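Analysis of the macromolecular model
Chain by chain, the residues run as shown.
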Amino acid sequence: MLNLMFTGDPAARESAIREVWGGALCLSRAEHTEAELRALQERAMKETKGAQSASVDERAGRVEIGVWVVTPELQREVDEKYGKGLVVLEGFLKPVGS
């Protein structure tokens, strides 16, 4: 199974792909290009308070930023700055009692 994601209309590319691929094919739409996500990764890493690491999840179409502890306030700040769900904070530690 070949899985490909494209911005725009993925079906418009199917005939060109079928010229070189005859197997199972899954085409889906991406909101952002990989280049856009990588640029956002760099920006968010610099701008996010307490950022320790950053990665791009191309399939989910988002940037993941590692911080020591995720608080609702910090995630809310990130959502307001970049858009809800586009940059997701991942905590290395969990607050006691959560």
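Just above sits the structure.
Predicted, not measured: the structure shown is a model, and the values here were computed from it.

**A few points about helix α3 (residues 72–82)**
Every buried residue belonging to α3 is among L74, Q75, V78, D79 and Y82, and all of these are buried. Down the axis of α3, the buried side of the element spans an arc of 140 degrees, and every buried residue falls inside it. Away from the buried face of α3 by more than 90 degrees, exposed residues P72 and E80 are located. Looking at the buried residues of α3, the elements they touch are α2 (34–47), β4 (62–69) and β5 (87–93). Backbone geometry just after α3 places G83 at a positive phi near 105 degrees.

**Examining the environment of P10**
Counting through the fold element by element, P10 comes out in the loop between β1 (2–6) and α1 (14–18). Classification of P10 by relative accessible area gives buried; the value is 11%. Along the backbone, P10 and C26 are 16 residues apart, and their C-alpha atoms lie at a distance of 9.6 Å. Leave out the neighbours within four places in its chain, and P10 touches L27, S28 and R29.

Basis of the calculations
Residues numbered from 1 in each chain as written. Predicted model: local features only at pLDDT ≥ 70, side-chain atom pairs only at ≥ 80, totals over all residues. Heavy atoms only, no water. Buried < 20%, exposed > 50% of the residue type's maximum accessible area, 1.4 Å probe, protein only. Helix = DSSP H or I, 4+ residues; strand = E, 2+ residues; numbered from the N terminus. Arc of directions from axis to C-beta. Contact = heavy atoms within 4.5 Å.

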